[in-house]
Amino acid sequence: MHPAFSVIFLTTLIGVGQGLFLALVTGESYAAVNLLPQQSSREFYAVGALLAMLFLIGGLIASIFHLGHPERGWRAATRWRTSWLSREVIVLPLMMGLVFLYGVVHFFDWHPDLFGVGTRNQLTLVIGAIGTVVAFALFVSTGMVYASIKFLQEWASPLTVVNYILLGGASGFTFATAFVAYNAPDLVTFYGTWAIIITFAALVGRVGSLFRNARIKRHSNIQSAIGVRHPRIQQKAMGFMGGSYNTREYHHGKGISALKSVRWTFLILTFVVPLLLLWIGIAGNGTILLAAFGVQYVGLLFERWFFLAQANHPQNLYYQTI
Amino acid sequence: MQEPTKGAAAGRIEVKNTTCYMCACRCGIRVTVRDGEVRYIQGNPEHPLNKGVICAKGASGIMKQYSPARLTRPLRRKPGSERGDAEFEPISWDEAFATLEERLGNIRATDPKKFALFTGRDQMQALTGLFAKQFGTPNYAAHGGFCSVNMAAGMIYTIGGSFWEFGGPDLDRAKLFVMIGTAEDHHSNPMKIAISQFKRNGGRFISINPVRTGYSAIADEWIPIKPGTDAALLLALIHEIIKQGLYDRDFLVQYSNAAELVNLDPASSEYGMFVRFEVPPEEGCFDPQNKLWWDRDLDRPISTHTPGADPRLLGEFNLSDGTPVKPSFQLLKERVEQYTPEWAANITGIPAETIRRLAYEMGITARDEKIELPISWTDVWGNEHQTVTGNPVAFHAMRGLAAHSNGFHSIRAMSILMSILGTIDRPGGFRHKAPFPRPIPPCPKTPKGPEDVQPNTPLNGMPLGWPADPDDLFVDEKGNPVRIDKGFSWEYPLSVHGLMHNAITNAWRQDPYPIDTLFIFMANMAWNSTMNTEQVRKMLNDKDENGEYKIPFIVVADAFQSEMVAYGDLILPDTTYLERHDVMSMLDRPISEFDGPVDSVRIPVVPPTGDCKPFQEVLIELGSRLKLPAFVTEEGKRKFRNYPDFIVNFETAPGSGIGFLGGWRGKGGEKQMKGEPNPNQWEMYAKNNCVFHYEMPKSYQYMRNWNLGYLRWAQSHGMTRYAEPINIHIYSEVLQKFRLAAQGKTHGRQPPAHLKKRIETFFDPLPFYFEPLEAQLTDKHRYPLNAITQRPMAMYHSWDSQNAWLRQIHTYNHIYVHPRVGAAQGFADGDWVWVESQWGKVRALCKYSEAVEPGTVWTWNAIGKAAGAWNLEPNANESRQGFLLNHVISEELPPHDAGEHVSNSDPVTGQAAWYDVRVRIYKANPEEEKMTWPQFKPMKPAPGTPKRRGWQAFFAGKFLKQG
Amino acid sequence: MTQLALVIDLNVCVGCHACVTSCKEWNTSGQAGPMFDDNPYGQDPTGTFFNRVQTYEIGEFPNTETVHFPKSCLHCEDAPCVPVCPTGASFKRTEDGIVLVDYDKCIGCKYCSWACPYGAREFDEQQKVMKKCTLCVDRIYDQSLPPAERRPACVMSCPTSARLFGDVHDPDSEVSIAIRERGGYQLMPEWGTKPANHYLPRRKTRKVIHEDELVRSDNPLRKEEIESEHSRAPTLDDWLM
Ligand SMILES: Nc1nc2c(c(=O)[nH]1)N[C@H]1C(S)=C(S)[C@@H](COP(=O)(O)OP(=O)(O)OC[C@H]3O[C@@H](n4cnc5c(=O)[nH]c(N)nc54)[C@H](O)[C@@H]3O)O[C@H]1N2
Ligand SMILES: Nc1nc2c(c(=O)[nH]1)N[C@H]1C(S)=C(S)[C@@H](COP(=O)(O)OP(=O)(O)OC[C@H]3O[C@@H](n4cnc5c(=O)[nH]c(N)nc54)[C@H](O)[C@@H]3O)O[C@H]1N2
Ligand code: SF4
Ligand code: SF4
Ligand code: SF4
Ligand code: SF4
Ligand code: SF4
Ligand SMILES: [Mo]
């Protein structure tokens, strides 16, 4: 496929947003059972939610660039029964709403005793729990947008969804680690550890999908595409010579070596370097942790480019003569 | 989209019929116009030719109509600018006409041959030819000479009709169809309709072609042949068919000269001629029936077609006076003895078993799957036949045979093969289209010498004709050519369509004389219809030592900004086919069907754009201003208001009743083919789908060479002068007459000494195989490959790169090579390579193909363009990646015995030998520019060409308004 | 239930592209138009076409087959492009199975085209909506056209009548009969999309020659044999009674 930058930014940015939100809720849950010190609603959670919100909004803006007719974007919410894209379109604003609500409640430090148990943060924990479900739903929707296209064999795997969750989670937790380094240094170890664990898990998941994809057996071939049984079939003309939508949208236009170097780049930038930096920075160095996130995010841009580019669309069987 | 059946945009809708001219096929089209813009062009279902279908080009007519390459104003080359720079200033039609009137008037009053009119792929030779004749210049020709004159001449001199626009395969009834060297051809849609029906009906289709694309793709069997070797294959097939006795003896005896006795007395001046027993009472262009057979039963000579006679086809005999004679079939048999399948296999690359099998398939199908149609007819000898017999083997061939210097004899061989199989004008075989068959050779003759060209006088003869013997040549007393293209001279005696491809070079070299005005209509002679393109472009702009142009004045009448336009001093903008009246005339090349004559017209569907003027009107205007007799009254007044008026009222001779159109003649439109002018003729065509189709009775539809009913009908309708049999010339006396002259055995004209050998060799009365002339004069180790071009179905010559839709299909062209060639030369699929001949080289992109004979390389014709031509952007792919093969093809052969400047053409007909060129291919240096070469200075858009849009979204009725 | 479709006969398709440009010509000024052309007179011209004809070479010289292969939307019965559309702009008509795009609803997200394994959809870069073959829905029901012309533009244009049009669910239709009798097949059946369009394969007609067909009593060569004179040498005729 030809990776569209709008899609790359959309999925990576909302991934960070969702991950960050999950990190906040995780921290808050731990704090609720006193496994972590309680943080200030306004300075910590509200600011954290705001940052998560910014990532989500960034993603939303990126997505607009993908649409031919953003003004009709609302229509995309109508086919949730069949379309994962529609589901994503519904869940994303829901997610944003919840993050917003979560942030607002924290901002106003509104902590009613909902369940009569006397602890703080009951409402935000409820919102957080719902938000967590929605965040996972959003990860699943986003992942399924790709995984549900069965003949895009690189994508059509549960690993796609798992990776969206883990990569979003990793980037969110890495960002959270950097965030707490400035805002709540006593949480750095907690977040840093989680960030390392999730990044590592994401590495395993992603490498797993790379292995899987390297071994894909294609269901379609030129023989089934044109219905002629012969081992030697070569396309001589596509029917046009100056390119078409089909040659632009479905092929990254780069050579195999470029693809390989992107793969190494993203493996190093998304996983290896951040893991190192997290390990070093976990001592509390905010700059290093921020760098860890920065590097990881750039790595994710490469990862997403690669993810999109690597998918080999069967339609390309009909458009070989590029 | 939810309510799709609601009309998209209502608008004012008009539907009009006319005739397509996106190519020479001339299908009937129905044009829907919405709010004045063309909305839809579809095939007219009621048209006999295309029956409702259309092709890629026809359906893209809209993009031609609104193309930015259109010329819309008369232009004059800017003073001081060079030819080729395309610097123009607009002028008025008045100025244009005044310029022409003065210049041409002077030429006509002094030396009319200094005016040369050459027209390209047009369909109005009847009018342009008339103009030239009336003007008095011998220097007129259309595209035939560089196109396929070999096909016309080879077949017409053998069977009185031909493929091309004059006849074709009857695929309705055929069982075996053999297509040779055809990519697309003129009968584009009808051929496709017919082939698919033929295949669906279970017919077997064999294609003989070095390349497998297009039609060949759907052939049941593809026989890859080495270019230029078809004569070897065809002669081997004849060899095998005669050897096995698979020929149609009765057909040959009755309808050909196979059984006629040839004088073989070497001492006689009649050597090689048929023995005649009396002098014919009347001379005319027909074969008198005064020849002899050798009767089997009586074992003595007998006059041909004596009732009850059964002549021998084989054997050798002596006449009572001792003259040794043989039936011409015996001579054919002796000729092909050497041409065994094994011999041919070496030359053609086709295995001998395949050749044998082919011969058997042809022979057995013809013999055992005979068709008898219950149609009674009478032959010219008075025999009544209750049925028409068909031997259902059909052939079709075109430029793969024609465009070689040995094409004439290859085509003779094919015609003879078709004849010995008994397939001429019979069901399932070859069938004529009116006005064919015609006598062998047809009657029209050119003038015979310089005295026939006189100031202020029409030419004494036709500008093009059909020589029957050396006395019909158009040469001076020394035997030198009178025409600028040297047509009808000893160099190319049967150049019945002229040699347009040598006109510019000869005019530039002032050989045989300088001319003044070169008038080019609808031909892109600065590009694809010229060989040696780069040099010819220089010649067009070349000056003598006084700084005067070697070709002083060039007029170009074109509809688009072609490469040729850049070289004009005066440019006359023509209309498109949707904007003008036009006729597909019986006097030219009508669109007849097997069942009878068909002609058709164009009637404008939209008004002319800008100042465009139909070229037909230009000729009528010029003819009237120059007072050419056909265009003015005796008092010298203009005779015709305009072109439609001319078409209605012009008669070939006063009161002849024969005019350009055959339909609805007579005062009230009640007559066909012949009759007084009908003032409402156009309306009647308009009401009848713009087409006149005269379906003859079934009994006139077959065996027309010998069909008394048909011949009398044709005679009474002015299509032929003689109702005499047109016997097939298995053995060609016409050729023998030239050979005798070369041998000094006749009293008439003799060829100049240096051409004697050439004439003697190539005017062989029986077909023979020789290697194409250029190959004979080439170092084949250095240039091992044959390079050829093919017609793409979705492009017409050079016209269609200005068409936004078609150019997306063919944006540039590759040189297709077999992977073996690349492997040997160290280049890969997709590399830039040099294609080099002994004449020059071009840089091209290569593409590997398994569908090409490995000794052959090929490309789509005329896709490559000069930068900026056709109002394309200078960086358009056509001029960057696309290339023109013509750069490596020469218009002249290397100097040899026959002369220093002999045309690269068939020595018999002057047919341009496009497909003879030999090349080598090697990888371009990786440091070289990734671009074709040669490159030319980009042409600028001419004043008046429409805006070139950066993008467009065509929607009829809104397009031009949106600006 | 009706399922309209095209059946394309590769046995007779000569790759002429008539179906390509006649489709463009009809549709650009029709309901589905206009159809954009970018850089129409410059470098790398490109544009929206609903139908393309491709060329394939099969096998090696001299046993090469050249196949011309037209392809437009196959109007899949189980069209994967439809359910993925988030707006419902892509839809399959229940009444005749035609898959269409409602330009007014389309947001141009391109997702449907990702979900088409055949590369049959084309994005109009100017209108920013997804486009594709409509099966000429604005012709085939147009009561103002004569019945014989209520057929897709590409079908009407095709000189070899390689394009058949009809209801593949009606067993007696021309298309169903052709599929049945001439080995009609679907593209990429492995995805279960059940394309409604079918293709008919190449077929070969061969001629079998029996050796005895070369030997015939009426061989014309016999007529040319010079009959031998009476034999003067002794024969059994002189001896036997
Ligand atoms: N679409 C379209 N139609 C056209 C035209 C066009 O430009 N475009 N041009 C029109 C004109 S002017 C003409 S003259 C006709 C020409 O019609 P065609 O004769 O069909 O045209 P060519 O493309 O010259 O085809 C020549 C074929 O002969 C093959 N060939 C070359 N050399 C040999 C050989 O030595 N032996 C054999 N057996 N085959 C050989 C080539 O591979 C090619 O397939 O087409 C007319 N129709
Ligand atoms: N290498 C190679 N060269 C070849 C051939 C080949 O096979 N190989 N084929 C040869 C053959 S067979 C032929 S017939 C020639 C054809 O060669 P040409 O006769 O030169 O044909 P075109 O290139 O079509 O150029 C015709 C001119 O007519 C113009 N034109 C188009 N429509 C109109 C109109 O309505 N009115 C006017 N006034 N002008 C119009 C076009 O703009 C163009 O400039 O090419 C020959 N050249
Ligand atoms: S074959 Fe020629 S005349 Fe017929 S529709 Fe096509 S372009 Fe027009
Ligand atoms: S119009 Fe017919 S023959 Fe031509 S490419 Fe299309 S399907 Fe094939
Ligand atoms: S071919 Fe593609 S666009 Fe057409 S219905 Fe099938 S999946 Fe959808
Ligand atoms: S591009 Fe249009 S039709 Fe396709 S999925 Fe998006 S909204 Fe639906
Ligand atoms: S059915 Fe209509 S829209 Fe579809 S390819 Fe044919 S002409 Fe184009
Ligand atoms: Mo031609």
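Note that the coordinates shown come from a computational prediction; the quantities given were computed from them, not determined experimentally.

Q: Now, about the interface of chain C and chain B: what can you tell me, with residues and values included?
A: Of the residues lining the interface, 88 residues belong to chain C; the matching set on chain B comes to 99 residues. At the boundary of chain C with chain B, total buried surface from both sides reaches about 7,400 Å², with 54% on carbon and sulfur atoms. A per-residue breakdown of the area chain C buries against chain B is headed by C:Glu25, C:Tyr41 and C:Phe61, which together make up 13% of the total. Residues B:Asp310 and C:Lys223 are paired through a salt bridge, measuring 3.5 Å at the closest nitrogen-oxygen approach. Inspection of the region where chain C meets chain B yields 47 residue pairs in polar contact (both at pLDDT 80 or more). Listing elements by their share of the side of chain C that touches chain B, those giving two or more residues are α1 (18-28), β2 (35-38), β3 (46-47), β5 (65-71), β7 (99-101), α3 (137-140), α4 (153-157) and α6 (220-224) of chain C. Top element by residues in the side of chain C that touches chain B is α1(C). It accounts for 8 residues.

Q: Which residues make up the sheet that holds strand β1 (residues 13-19) of chain B, and what values do they have?
A: Residues and elements named next belong to chain B. As summarised here, the arrangement of the 3 strands in space is β1-β2-β3, forming an open sheet in which the pairing is antiparallel. A strand with exactly one partner marks an edge of an open sheet, and here the two such strands are β1 and β3 (37-43). Going from strand to strand, the sheet's axes swing by 25° on average, the running direction of each strand aside.

Q: Talk me through the state of the cysteines; I want residue IDs and the actual numbers.
A: Residues and elements named next belong to chain B. As enumerated under the stated definition, the model contains 1 disulfide over all chains in all. Here Cys285 connects covalently by a disulfide to Cys443, the sulfurs 1.7 Å from one another. Note that Cys285 is positioned in the loop between β12 (261-263) and β13 (292-295) and Cys443 in the loop between β22 (430-432) and α15 (500-509), a separation of 158 residues in sequence. Overall, Cys285 belongs to the buried group, its relative accessible area being 17%.

Q: Quick rundown of a nonpolar patch on the surface? Include the residues and the values.
A: Residues and elements named next belong to chain A. On the surface, a nonpolar cluster with roughly 660 Å² of combined accessible area is contributed by Trp264, Ile268, Val272, Leu276, Trp279 and Ile280. Mapped onto the elements, Ile280 comes out in helix α9 (residues 256-281). On the basis of relative accessible area, Ile280 is assigned to the partly exposed category, the value being 46%.

Q: Talk me through the interface of chain B and chain A; I want residue IDs and the actual numbers.
A: Contacts between the two partners involve 10 residues from chain B, matched on the other side by 7 residues from chain A. Taking both partners together, chain B and chain A bury about 670 Å²; carbon and sulfur atoms supply 51% of that area. At the junction of chain B and chain A, the tally comes to 1 salt bridge. As a salt-bridge pair, A:Arg232 and B:Glu850 come within 3.4 Å of each other at their nearest N and O atoms. Counting across the chain B and chain A interface gives 4 residue pairs in polar contact (both at pLDDT 80 or more). Of all the secondary-structure elements, those providing two or more residues to the side of chain B that touches chain A are α24 (806-809) and β32 (841-848) of chain B.

Q: Please give an account of the pairing of strand β30 (residues 814-817) of chain B that cites residues and values.
A: All names here are of chain B. Residues His814 and Tyr816 point to one face of β30 and Ile815 and Val817 to the other, with burial holding for every one of them. Pairing analysis gives 4 bridges linking β30 to β32, with the strands arranged parallel. Bridge assignment links Ile815 to a residue of β32, and that residue is Cys846.

Q: Lay out the pattern of salt bridges with the relevant residues and their values.
A: For the structure on display, the rule yields 79 salt bridges over all chains. When the shortest N-O distance is used, the salt bridge between B:Arg704 and B:Asp425 registers 2.9 Å. A residue pair is termed long-range when its members are at least 10 positions apart, and B:Arg704 in the loop between β28 (691-693) and α20 (708-716) and B:Asp425 in the loop between α14 (407-420) and β22 qualify at 279 residues. By relative accessible area, which is 1% here, B:Arg704 ends up buried. Linking C:Arg216 and C:Asp218 is a salt bridge whose minimum nitrogen-to-oxygen distance equals 3.1 Å. The class for C:Arg216 is partly exposed, based on a relative accessible area of 29%. Among the ionic contacts, a cluster of salt bridges with common partners joins B:Arg249, B:Arg296, B:Asp310, C:Lys223 and C:Glu224.

Thresholds, definitions, all that
- Here, residues in each chain are numbered from 1, in the same order as that chain's written sequence.
- Here every chain gets a letter starting at A, and every ligand a number starting at 1, in the order they are written.
- For this predicted model, a pLDDT threshold of at least 70 governs which residues receive local features, and a threshold of 80 or more governs which side-chain atom pairs are given and counted, while totals over whole chains, interfaces and linings are taken from all residues.
- With hydrogens and water set aside, each side-chain value is computed from the structure's full complement of heavy atoms.
- Only heavy atoms matter for contacts: two residues are in contact if any of them lie within 4.5 Å across the pair.
- What gets called buried area is simply the loss in accessible area from a 1.4 Å probe that two parts show on being joined, summed for both.
- When a carboxyl oxygen of Asp or Glu is within 4 Å of a side-chain nitrogen of Lys or Arg, the pair counts as a salt bridge.
- Polar contact is the term for a pair of N or O atoms within 3.5 Å; when the atoms are in protein, one must be able to donate a hydrogen and the other to accept it, and sequence-neighboring residues count only if both atoms are side-chain atoms.
- Only DSSP runs of H or I covering at least 4 residues are called helices, and only runs of E covering at least 2 are called strands; the numbering of each starts at the N terminus.
- Strands qualify as paired when DSSP identifies two bridges or more between them.
- Orientation is described by axes fitted as lines to C-alpha atoms, over the contacting stretch for helices, and by angles from 0 to 180 degrees between their N-to-C directions.
- Cysteine sulfur atoms that come within 2.5 Å of each other are treated as a disulfide pair.
- Burial here depends on accessible area, computed with a 1.4 Å probe over protein chains only, as a share of the maximum for the residue type. Under 20% is buried, over 50% is exposed, and the range in between is partly exposed.
- Only residues whose relative accessible area exceeds 30% and that form no salt bridge enter a patch; like-charged residues are grouped when within 9 Å of one another, and nonpolar side chains (Val, Leu, Ile, Met, Phe, Trp, Tyr) when within 5 Å.
- Here the open area of atoms and residues is found with the Shrake-Rupley method and a 1.4 Å probe, where only the protein chains shown may cover a residue.

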